[in-house]
Amino acid sequence: MKYILFCVPVLLLSMCGRKSSADFHGLHWGDPRAQVITTEGKAPDDSSEKNIYVYGKTLCGIPMQLGYVFVGNQLASAIYIPEDAGAMKDKIRKGYLLLTDSLTKAYGPSRDSTFEEGTKFKKMWQSKTSNINIIYLKQETETFVFSVVSKKLEPLIEMNSEGREDDLDTGKVKIEMK
């Protein structure tokens with residue numbers, strides 16, 4: 001009887017320490033690069049940038065580049081950027097609205113910011129482990145950048161980056177976080 005009274009709490013405590021749900025796309029923040037390849041089922045379409053794996057994806061009906069950002073060998077962030085925003089103005093706007101609506105339903109109202117004389121809009125949400133951002137740019141062409149970042153690893157991304165969030169190049173995934 002004493003053995004059962006001891007084992008049950010130990011078993012319950014060990015189960016509490018397990019990760020119960022994924023942080024992003026079936027992955028957990030801190031997963032190694034090999035786990036991303038296993039989850040995606042293939043090698044990245046582009047891995048020429050030192051700390052980024054790029055995959056072609058579709059999000060809200062829009063062809064996107066998904067960049068997995070690593071700090072060392074740990075998954076720290078994921079960023080979606082439309083492949084050809086200029087050719088998909090209506091899809092971009094609809095996709096942005098659909099995505100923001102879905103995130104609002106899941107996480108509640110966003111914190112909103114407007115920059116650059118009303119041409120750059122940022123919506124932010126938080127989960128237990130992630131900071132979630134959508135930046136909508138309404139300049140020559142309309143586009144948006146959707147990012148999910150590990151709260152724990154975000155400071156390490158900032159320390160390892162040479163660029164800023166403003167340096168996002170939507171033509172080719174060039175992801176450098178502030």
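Here the structure is a predicted model, which is why all the values come from computation and not from measurement.

1. Side note on the overall build of the chain
Scanning the chain from terminus to terminus reveals four helices and seven strands. In the chain, which comprises 178 residues, the proportion classed as buried is 40%. Of the contacts made within the chain by residues no fewer than 6 positions apart, 42% connect residues no fewer than 24 positions apart.

2. So, helix α3 (residues 89-107)
In a regular helix each residue adds 1.5 Å, so 19 residues correspond to 27 Å; α3 covers 27 Å between its end C-alpha atoms and thus fits that length. At its buried positions, α3 is contacted by β1 (52-59), β2 (62-71), β3 (74-82), β5 (120-126), β6 (130-138) and β7 (142-150). Just downstream of α3 lies Gly108, where phi reads positive at about 90 degrees.

3. Examining the nonpolar core
Counting residues in hydrophobic clusters, the biggest one holds 33 residues, and the most contacted among them are Phe24, Val36, Tyr68, Ile134, Phe144 and Phe146. Contributions of two or more residues to this core are made by β1, β2, β3, α3, β6 and β7. Per-element accounting of this core gives the leading share, six residues, to β2. In this structure, Val36 is in contact with Leu27, Tyr53, Tyr55, Tyr68, Phe70 and Leu75, ignoring residues within four places of it in sequence.

4. Here we look at helix α2 (residues 33-40)
Residues of α2 that are buried include every one of Arg33, Val36 and Glu40, and no others. Down the axis of α2, the buried side of the element spans an arc of 55 degrees, and every buried residue falls inside it. Contacts from the buried residues of α2 go to β1, β2 and β3.

5. Points about the pairing of β1
Where β1 lies against β2, eight bridges are found, and the strand directions are antiparallel. Counterpart to Ile52 in the pairing with β2 is Val69. Counting the residues that bridge the hairpin from β1 to β2 gives two residues, and of these Cys60 lies at a positive phi of roughly 55 degrees.

6. Examining the side chain of Ser127
Considering the arrangement of structural elements, one finds Ser127 in the loop between β5 and β6. With relative accessibility at 18%, the residue Ser127 sits in the buried group. Sequence-distant contacts of Ser127, that is, excluding residues within four places in its chain, are made with Tyr107 and Lys151.

Procedures and definitions
Residues numbered from 1 in each chain as written. Predicted model: local features only at pLDDT ≥ 70, side-chain atom pairs only at ≥ 80, totals over all residues. Heavy atoms only, no water. Helix = DSSP H or I, 4+ residues; strand = E, 2+ residues; numbered from the N terminus. Buried < 20%, exposed > 50% of the residue type's maximum accessible area, 1.4 Å probe, protein only. Contact = heavy atoms within 4.5 Å. Expected span 1.5 Å × (residues − 1). Core = buried A, V, L, I, M, F, W, Y, C linked by side-chain atoms within 4.5 Å. Arc of directions from axis to C-beta. Pairing = 2+ DSSP bridges.

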